[in-house]
Amino acid sequence: MKTHQSLIVNYFLATFFLCSTSLHAQNAPNPADAFDKTTTMISMRDGVKLYTEYFVPKEIKQPLPIIFMRTPYGISGWFERGTGSFLKELVDEGYIFAFQDIRGRFKSQGQFVMQRPPRHQTDSRSVDEGTDTYDTIDWLVKNVPHNNGRVGMFGTSYDGWLVVMALLKPHPALKAACEQATPADMFLGDDFHHNGAFRLSYGFEYAYELESSNENANFKFDRYDTYEWYLKLGALSNADAKYFHGRLPTWNNFVNHPNYDSFWKGEALDYQLKPLAVPTMHVGGWWDQEDFYGPLRAYEVLEKTDTNHLNYIVVGPWNHGGWERRDGDKLGNVDFGMPTSKYFREKIRAPWFTHFLKEKGDWNQLEAITFETGLNQWMSYDSWPPRKDITMRKLYFRNAGQLSFELPNENGPRK
Ligand code: PG9
């Protein structure tokens, strides 16, 4: 059995390669050619410089907002490939685009820290992902030609979490933030543990991927069947003794914090989020194998203080990052009867950004938009979970892979 190494985070690469291959096959011009590309190193408040690329349309009629993404996974080629896929709807609307390698990754200077904790506000010299975003936005709006002083951010998973970090003390130019599949709690529901159960292959391979090099690195298994490899590994302590030798901080944290202690609570969004000052859209997939808990939890926590109605949520029939891939008509054999991912990008995310970044358009949707599978329809509610016309009912596992609203009366577990 092959585990999910390299599928974990690089979900987008396959899509990009497919898109770019088919584009090349047809010899179609790449929409990225319509932009002027600039690469630069932007200085942060502590002098560390972060590698940034930005793209300004060659033909520009009026100043445009900037769509900004940050990532630990390496930005080279993102824009050029993304224009034909996950960025298409935004390119069509008309924006300037900026991308950045975060601190310590790829071409950026400094030290990478996995999910770097928010800094202590009392220490004016300290930095975190929020200050790096703040300093970059400040530079972008002052230096990128033809921008209108308004910035929107989006990103999936680690990149979605980076969007959330930007919201803790947002730059005034940040006018819209779309976090997609942010983790909210790495012990309770996201990525490394699910309900406290450690996800061994995920944790092992992800820690290696991000911390053994400043670029993405795949652990070299000596066989195809990595399930067998993990069985043969034996005790958890062998991972460090044989392979990591204390060099991977995230692995050390897994081992040193097997319970829900202050380390995991310190990382959890429950304890970090502040009342929203920026319109924020949370995006989740009903079948996200990595971060389903995160966006729903972030929405729920922020909703408690959302007196200005800045908190939005969208959940569709997707696995991790599925909303960025292709059209989203199907997941495996399940057919949703409509292109759910394309619909999200075209009819939900793009008009939402237009509304908040260009102050135009007719965004008149309710706060929560969810895809109801089976009915295969998008539904809108003024809150999530919906307040009105809802009855809570229990759903029971039944034999032969069935589900039922009936309480089982056979030999199965009872209430
Ligand atoms: N789910 C991945 C992740 C996010 C945040 C921290 C660690 C891992 C990801 O796909 O980026």
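Relevant structure appears above.
Just so we're clear, the structure is a prediction, and the values are computed from it rather than from any experiment.

Novice: How would you sum up the pairing of strand E9 (residues 280-285)? Please name residues and give values.
Specialist: Each regular strand displays side chains that alternate between the two surfaces of the sheet. Of all the six residues making up E9, six are buried; the element is thus mostly covered by neighbouring parts of the structure. Neither face of E9 is left uncovered, since the one carrying Thr 280, His 282 and Gly 284 and the one carrying Met 281, Val 283 and Gly 285 both have all their residues buried. Pairing of E9 with strand E10 (residues 311-316) involves six bridges; the strand directions are parallel. In the sheet register, Thr 280 faces E10, and the bridge partner there is Asn 311. Between the parallel pair E9 and E10, the chain is carried across by helix H11 (residues 293-303), and the sense of this crossover is right-handed.

Novice: Tell me about the nonpolar core, and please be specific about residues and values.
Specialist: The biggest cluster of nonpolar side chains holds 60 residues, and the ones touching the most others in it are Tyr 158 and Phe 204. Here the element with the most residues in this core is helix H5 (residues 158-168); it accounts for nine residues. Looking at which domains feed residues into this core, each of domain 1 (7-188 + 275-381) and domain 2 (197-259) supplies at least three. When near neighbours in sequence (up to four residues on either side) are disregarded, Phe 204 contacts Phe 219, Phe 221, Trp 229, Tyr 230, Ala 239, Tyr 243, Phe 244 and Trp 251. Residues Ile 67, Ala 176, Ala 350 and Trp 363 belong to the second largest nonpolar core, which totals 39 residues.

Novice: Account for the sheet that holds strand E2 (residues 49-57), naming residues and giving values.
Specialist: Spatial ordering of the open sheet is given by E1-E2-E4-E3-E5-E6-E9-E10-E13-E14, a layout of 10 strands whose pairing is mixed. The open sheet is flanked by strand E1 (35-43) and strand E14 (377-381), the only strands paired with a single partner. For this sheet, the mean inter-axis angle between neighbouring strands, taken without regard to orientation, is 20°. Looking at chain direction, E2 and strand E4 (residues 96-101) are connected through four bridges and run antiparallel. Residue pairing in the sheet places Glu 53 in a bridge with Phe 99 of E4. Docked against the sheet, helix H12 (residues 340-358) engages strand E3 (64-71), strand E5 (147-156), strand E6 (174-180), E9, E10, strand E13 (368-372) and E14, running at close to 160° with respect to E6.

Novice: So what's going on with the packing of aromatic side chains? Residues and values would help.
Specialist: Scanning the entire structure with this criterion turns up 59 aromatic pairs. The ring of Phe 112 carries the charged tip of Arg 105 above its face, separated from the ring centre by 5.5 Å. Sitting over the ring of Phe 405, Arg 393 keeps its end group 4.2 Å from the ring centre.

Conventions and cut-offs
All residue numbers here refer to positions counted from 1 along the written sequence of the relevant chain. In keeping with the model being predicted, local features are shown solely for residues with a pLDDT of at least 70 and side-chain atom pairs are shown and tallied solely at 80 or more, while totals for entire chains, interfaces and linings include all residues. Values shown for side chains rest on all heavy atoms present in the structure; no hydrogens or waters enter the calculation. Burial classes: relative accessible area under 20% of the type maximum marks a residue as buried, over 50% as exposed, and values in between as partly exposed (1.4 Å probe, protein chains only). Strands here are runs of E lasting at least two residues and helices are runs of H or I lasting at least four, both read from the DSSP assignment and numbered beginning at the N terminus. Strands qualify as paired when DSSP identifies two bridges or more between them. The definition of a right-handed crossover adopted here requires that, viewed with the strands pointing away, the path from the first strand over the helix to the second runs clockwise. Put simply, buried Ala, Val, Leu, Ile, Met, Phe, Trp, Tyr and Cys residues joined by side-chain atoms within 4.5 Å make one nonpolar core. Delimitation of the domains relies on an automatic or database domain assignment. Between two residues, a contact is recorded if the distance between any of their heavy atoms is within 4.5 Å. To obtain each axis, a line is fitted to C-alpha atoms, and for helices this fit is confined to the stretch in contact; angles are then taken between N-to-C directions over 0 to 180 degrees. Pairing of aromatic rings covers Phe, Tyr and the six-membered ring of Trp, with a centre-to-centre limit of 6.5 Å; geometry is then stacked below 30 degrees between planes, edge-to-face above 60, and tilted otherwise. As a reminder, the over-ring test applies to NZ of lysine and CZ of arginine, requiring each to be within 6 Å of the ring centre and within 35 degrees of the ring normal.

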